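Fold and geometry: a report
The residues making up each chain are set out below.
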There are 2 protein chains.
Amino acid sequence: MRRSANGPSGEDRLIARYFKPIARHPGALGLGDDAAVLRPPRGHELVLTTDVIVGGVHFFFDDPPSAVARKALRVNLSDLAAKGAKPAGFLLSLALPADITPEWLDGFARGLASDARGYSCPLLGGDTVATPGPVTISVAAFGTLPKGTMVRRSGASAGHRLVVTGAIGDAALGLRLRQDRGAAKRWKLDPGMRRYLAARYLLPIPRNVLAGALRRHASAAMDVSDGLAGDLAKLCRISGVGAEVEVARVPLSKAARAALGVESGLIETILTGGDDFEILAAVPAKSVGALNAAARAVGVPLAEIGRVVKEKGTRLLDAEGRVMHFAHVSFSHF
Amino acid sequence: MRRSANGPSGEDRLIARYFKPIARHPGALGLGDDAAVLRPPRGHELVLTTDVIVGGVHFFFDDPPSAVARKALRVNLSDLAAKGAKPAGFLLSLALPADITPEWLDGFARGLASDARGYSCPLLGGDTVATPGPVTISVAAFGTLPKGTMVRRSGASAGHRLVVTGAIGDAALGLRLRQDRGAAKRWKLDPGMRRYLAARYLLPIPRNVLAGALRRHASAAMDVSDGLAGDLAKLCRISGVGAEVEVARVPLSKAARAALGVESGLIETILTGGDDFEILAAVPAKSVGALNAAARAVGVPLAEIGRVVKEKGTRLLDAEGRVMHFAHVSFSHF
């Protein structure tokens with residue numbers, strides 16, 4: 001069931017070689033202790049989130065290990081961004097199969113180091129174990145913000161505008177391209193569009209640069225991980241409101257528009273596919289301008305797609321104002 | 001690669017049914033948000049730790065699911081105890097195979113709820129995903145303590161006494177009993193001893209009641225998870241010291257003494273096998289009495305087993321004062 005080792009164990013050597021160089025935060029104690037220490041700034045509180053990604057489920061086994069590491073961290077950074085929190089650090093739980101190679105670990109550690117630095121979210125501690133299953137990476141990420149200012153999902157009120165960052169559906173289309181080799185040709189995508197969509201699935205772009213502005217201007221927010229339609233439904237349920245979205249205003253990339261032009265049914269994949277890791281927010285009408293200006297200032301595209309209404313339920317309206325219906329509104333593991 | 005669902009997703013239903021009832025801490029936001037909020041008391045800081053357990057590696061597939069849940073939480077609680085921190089809450093990452101049953105989840109949630117309550121360590125949030133591999137449970141646990149008071153591994157100095165809680169080696173012997181059906185008979189264990197050792201492997205007893213006393217009296221501490229010999233070596237390496245342990249003073253249960261009486265080679269399993277989840281601490285000689293009194297007051301057995309010395313390296317001494325040598329000093333996954 002378990003293996004043993006002499007002197008500094010294989011596990012200790014693995015940590016020393018790959019992860020200690022990333023753990024420069026003083027609270028990480030060089031990964032040489034049972035636990036890490038984190039002190040939120042005075043008047044601040046902690047925002048805590050965790051997401052796990054599994055080989056063969058959330059990424060492909062032949063994805064570059066540096067991208068796998070970055071995705072594992074970024075899906076958590078995206079939650080912190082949606083809540084308006086500033087990244088403070090993360091813990092990493094890594095379950096590795098026996099056939100993992102030093103090259104894979106090298107790439108993984110390089111990707112992790114790069115994003116830990118890039119997003120100012122240092123590795124604070126972790127655990128590394130063996131598994132007979134696929135690579136399984138759990139990250140618990142921590143952010144800080146002034147007490148009582150976390151942007152919740154529950155603050156949306158009738159009349160508030162709905163906005164999303166970036167473009168919706170690219171990651172779901174990128175996944176389809178990976179699963180269906182003929183799709184790129186069928187959708188008449190040029191090589192640049194193919195690469196773009198594939199990259200959007202491989203590596204989300206969390207919107208942490210917008211966190212401060214969301215905290216100032218949004219009444220509710222969440223990151224779109226399980227599909228815009230289903231995630232909007234969640235935000236509305238917990239806020240006790242409904243929503244109307246004009247689908248024509250949902251921001252799409254050039255590549256997504258090209259694919260949609262060929263196969264109009266892809267609108268369902270785009271709106272329900274998931275893995276966008278964009279921010280969906282409700283914003284009081286008077287604050288939309290300020291949030292827009294803040295988004296422009298940090299280079300994040302922001303689009304108004306609809307509004308919050310009193311009547312429960314989320315309605316996705318087509319160009320003629322008719323309610324659209326889909327077989328599935330969001331991704332679920334179960 | 002992924003499945004979809006309508007309305008509140010299967011994942012949402014699973015969370016609502018099994019985990020929402022456990023998440024009563026206000027900062028958990030009913031598990032209805034992207035993240036949780038935690039506010040350490042004024043003048044306090046956070047202690048963060050994570051440990052992952054994997055089916056077929058850290059527990060058996062036929063272990064009761066309530067015990068699996070409790071073990072997943074307790075191995076983390078044990079780290080908080082060793083650091084002197086008071087539990088504040090935890091995040092749960094759960095990767096579940098497709099054939100998991102509602103009965104298993106029921107039992108798992110019941111065990112988790114019981115320990116979350118018993119150790120005052122509420123569920124704050126989590127993530128649940130599907131895996132083609134075994135059940136994989138990652139917990140990130142948080143504790144609080146007054147700023148700057150965390151008991152580190154690095155504070156041991158020559159002359160300090162070494163103490164351990166409870167008894168050493170029981171879990172490793174309990175594991176051997178699970179792996180080797182003939183062992184109980186060979187070791188001449190009565191049914192009570194067998195049950196006792198099996199229970200010690202199945203479910204550790206974290207020493208959180210001793211956390212405050214450790215913070216007041218210990219110069220260094222860690223929990224013994226990978227075997228006393230190897231973990232002591234880690235503590236000494238990071239403290240820049242050595243240690244001498246009188247093996248005859250290492251506290252053993254009646255069951256362990258019985259097995260050892262039949263098979264003297266088991267001393268290696270006992271000292272290096274791991275999964276004890278007892279506390280190993282270095283204590284200035286003048287504070288040993290006070291720590292002993294505090295341990296007695298909370299009903300935790302405490303034994304002095306040796307002392308910290310200047311000369312590097314850890315020496316385990318037999319009854320004649322000779323240094324003992326083992327093939328493997330601690331458990332490692334790699």
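Structure: see above.
For B:Asp226, the location among the structural elements is in the loop between strand S8 (220-224) and helix H8 (228-239). A distance of 3.2 Å separates polar atoms of two side chains, one belonging to B:Asp226 and the other to B:Lys234.

Once that is clear, we can look at the interface of chain A and chain B. Across the contact, 86 residues belong to chain A and 86 residues belong to chain B. Carbon and sulfur atoms make up 56% of the surface buried where chain A meets chain B, a total of about 7,400 Å² over both sides. Summed over the shared surface of chain A and chain B, the result is ten salt bridges. Residue B:Lys234 is joined to A:Asp12 by a salt bridge in which the shortest nitrogen-to-oxygen separation is 3.9 Å. Applying the counting rule to chain A against chain B returns 24 residue pairs in polar contact (both at pLDDT 80 or more). Sort the elements by how many residues they give to the side of chain A that touches chain B and strand S3 (residues 44-54) of chain A lands first, with nine residues.

Residues and elements named next belong to chain B. Tracing the backbone shows Gly166 in the loop between strand S7 (161-165) and helix H4 (170-179). Residue classification places Gly166 among the buried positions, given a relative accessible area of 13%. Residues Gly166 and Leu302, 136 residues apart in the sequence, show an inter-C-alpha distance of 6.2 Å. Excluding its chain neighbours within four sequence positions, the residues that come into contact with Gly166 are Arg207, Pro251, Glu278 and Pro301.

What follows concerns the nonpolar core. Counting residues in each nonpolar core, the largest one holds 43 residues, and the members touching the most others are B:Phe19, B:Phe90, B:Leu92, B:Phe108, B:Leu112 and B:Ile137. Looking at this core, the elements that each hand over two or more residues are helix H1 (10-19), strand S3 (44-54), helix H2 (65-83), strand S4 (86-96), helix H3 (102-118) and strand S6 (136-146) of chain B. Here B:Phe108 is in contact with B:Phe19, B:Pro65, B:Ser66, B:Val68, B:Ala69, B:Leu92, B:Leu94 and B:Ile137, once residues within four sequence places are set aside. A:Ala28, A:Leu92, A:Phe108 and A:Ala116 belong to the second largest nonpolar core, which has 42 residues in total.

All names here are of chain B. Taken together, the six strands give an open sheet; going across it, the order is S8-S10-S7-S11-S9-S12, and neighbouring strands pair in mixed fashion. The sheet terminates laterally at S8 and strand S12 (313-317), the two strands that pair on one side only. When strand polarity is set aside, the average angle formed by the axes of neighbouring strands in this sheet is 25 degrees. Inspection of the sheet shows S8 paired to strand S10 (residues 278-283) by five bridges, in the antiparallel sense. Of the residues in S10, the one forming a bridge with Asp223 is Ile279. Strands S8 and S10 of the sheet are contacted by H2, whose axis makes an angle of about 165 degrees with S8. Helix-sheet contacts for helix H11 (residues 288-297) involve S7, S10 and strand S11 (302-309), and the interaxial angle to S11 is about 155 degrees.

Moving on, we get to the packing of aromatic side chains. All names here are of chain B. Applying the stated criterion across every chain, the model contains nine aromatic pairs over all chains. Look at Phe60 and Tyr201: their rings are 6.0 Å apart centre to centre, the planes differ by 70 degrees, and that puts the pair in the edge-to-face class. You can see Phe60 sitting in the loop between S3 and H2 and its partner Tyr201 sitting in helix H6 (residues 191-202), a full 141 residues away along the chain. Here Phe60 matches Tyr201 in class, with each residue buried.

Within the element layout of this structure, A:Pro132 appears in the loop between strand S5 (123-130) and strand S6 (136-146). Note on A:Pro132: relative accessible area 60%, which makes it exposed. Separated by 35 residues in the primary sequence, A:Pro132 and A:Pro97 place their C-alpha atoms 5.6 Å from one another. Beyond its immediate chain neighbours, meaning those up to four positions away, A:Pro132 contacts B:Val54, B:Gly55, B:Val57 and B:Pro134.

Residues and elements named next belong to chain A. Inspection of helix H1 (residues 10-19) places Gly10, Glu11, Leu14, Tyr18 and Phe19 among the buried residues, and these make up the whole buried set. For H1, the buried positions fall inside an angular range of 110 degrees around the axis, keeping them on one side. For H1, the exposed residues lying more than 90 degrees away from the buried face are Arg13 and Arg17.

Here we take up the relation of the copies chain A and chain B. Look at the two chain copies: a rotation about an axis and a shift along it is all it takes to match them. Once chain A is rotated about the relating axis by 180 degrees and shifted along it by 0.0 Å, it coincides with chain B to within an RMSD of 0.0 Å. Viewed as a symmetry operation, the transformation between the two copies matches a two-fold axis. Looking at the rotation axis and the C-alpha trace of chain A, the residue lying nearest is A:Gly133, at 2.0 Å. Most of the interface of chain A is mirrored in chain B, where 100% of its interface residues again form contacts.

Residue and element names in this part refer to chain B. A rise of 1.5 Å per residue sets the reference length of H2, with its 19 residues, at 27 Å; its end C-alpha atoms lie 28 Å apart and thus fit the reference within 8%. Along H2, 17 of the 19 residues are buried, which leaves the element largely enclosed by surrounding structure. Phi turns positive, to about 85 degrees, at Gly84, one or two residues after H2.

What counts and how
- Residues numbered from 1 in each chain as written.
- Chains lettered and ligands numbered in written order.
- Predicted model: local features only at pLDDT ≥ 70, side-chain atom pairs only at ≥ 80, totals over all residues.
- Heavy atoms only, no water.
- Helix = DSSP H or I, 4+ residues; strand = E, 2+ residues; numbered from the N terminus.
- Polar contact = N/O pair within 3.5 Å; in protein donor to acceptor, adjacent residues only side chain to side chain.
- Contact = heavy atoms within 4.5 Å.
- Buried area = accessible area lost by both parts, 1.4 Å probe.
- Salt bridge = Lys/Arg side-chain N within 4 Å of Asp/Glu carboxyl O.
- Buried < 20%, exposed > 50% of the residue type's maximum accessible area, 1.4 Å probe, protein only.
- Core = buried A, V, L, I, M, F, W, Y, C linked by side-chain atoms within 4.5 Å.
- Pairing = 2+ DSSP bridges.
- Axes fitted to C-alpha atoms, helices over the stretch in contact; angles between N-to-C directions.
- Phe/Tyr/Trp six-rings, centres within 6.5 Å; stacked < 30°, edge-to-face > 60°.
- Arc of directions from axis to C-beta.
- Least-squares fit on C-alpha atoms with pLDDT ≥ 70 in both.
- Expected span 1.5 Å × (residues − 1).

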